[in-house]
Amino acid sequence: MEHKKALASKLKGHVLSLSLHMYGCRVVQKAIDVLSHVQKAELVKELHGHVMKCVRNLHGNHVVQKCIERVPPSVFQFVLDDFKGQYMRLSMHPYACRVIQRLLEHCSTNQRAQILEEISGITQMLAKNQYGNYVVQHILIHANAEHRAAVMEAFH
């Protein structure tokens, strides 16, 4: 337990720079796997204001994905806030599309509805995009029946 406190303490203030580094991102991801909920939340807070930089980065996007997988939806709400109005562009980005897929898998019902509200009008375009199609596939898997029907309707 002491070693986890020490790890969290050493990472404090360095989460962003490590997240954007080829090997450092792996350390941050492992820390998110093993630290307590409170410690994870503290690490995740360091990404606030830097989400767009991370999700467009080859290494940083993996850290944001891990955050979404391992912390409660209320803790990663700031990711959705930063994405607001940009889901189309991010869905067609080679790294950011992966983060949207994780959001669709792990967010709350209300959060998912917010995402789908913005994406619903562009699903046909996304389905024809090399990265956006993965977002549409995740909508079909993780959305409720109403949202899945809206996606299917877009193809008629």
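Quick summary incoming for the structure in this document. Here the structure is a predicted model, which is why all the values come from computation and not from measurement. (Residues numbered from 1 in each chain as written. Predicted model: local features only at pLDDT ≥ 70, side-chain atom pairs only at ≥ 80, totals over all residues. Heavy atoms only, no water.)

1. Quick look at the pattern of salt bridges
Turning to step 1, where the next piece is worked out: Enumeration over the complete set of coordinates arrives at four salt bridges.
Turning to step 2, where the next piece is worked out: Among the ionic pairs, Lys66 bridges to Asp33, the shortest N-O distance being 3.3 Å. Of this pair, Lys66 sits in helix H6 (residues 60-70) while Asp33 sits in helix H3 (residues 24-34); the two residues are 33 residues apart in sequence, bridging distant segments of the chain.
Turning to step 3, where the next piece is worked out: Classification of Asp33 as partly exposed rests on a relative accessible area of 27%. (Salt bridge = Lys/Arg side-chain N within 4 Å of Asp/Glu carboxyl O. Helix = DSSP H or I, 4+ residues; strand = E, 2+ residues; numbered from the N terminus. Buried < 20%, exposed > 50% of the residue type's maximum accessible area, 1.4 Å probe, protein only.)

2. Digging into the environment of His93
Turning to step 1, where the next piece is worked out: Assignment of secondary structure puts His93 in the loop between helix H8 (87-91) and helix H9 (96-106).
Turning to step 2, where the next piece is worked out: Considered as a pair, His93 and Tyr131 are 38 residues apart in the sequence and their alpha carbons are 6.4 Å apart.
Turning to step 3, where the next piece is worked out: Those residues within four positions of His93 in sequence are excluded, and the remaining contacts are Val55, Arg56 and Tyr131.
Turning to step 4, where the next piece is worked out: For His93, the side chain forms a polar contact with the main-chain nitrogen of Ala96, separated by 3.2 Å. (Contact = heavy atoms within 4.5 Å. Polar contact = N/O pair within 3.5 Å; in protein donor to acceptor, adjacent residues only side chain to side chain.)

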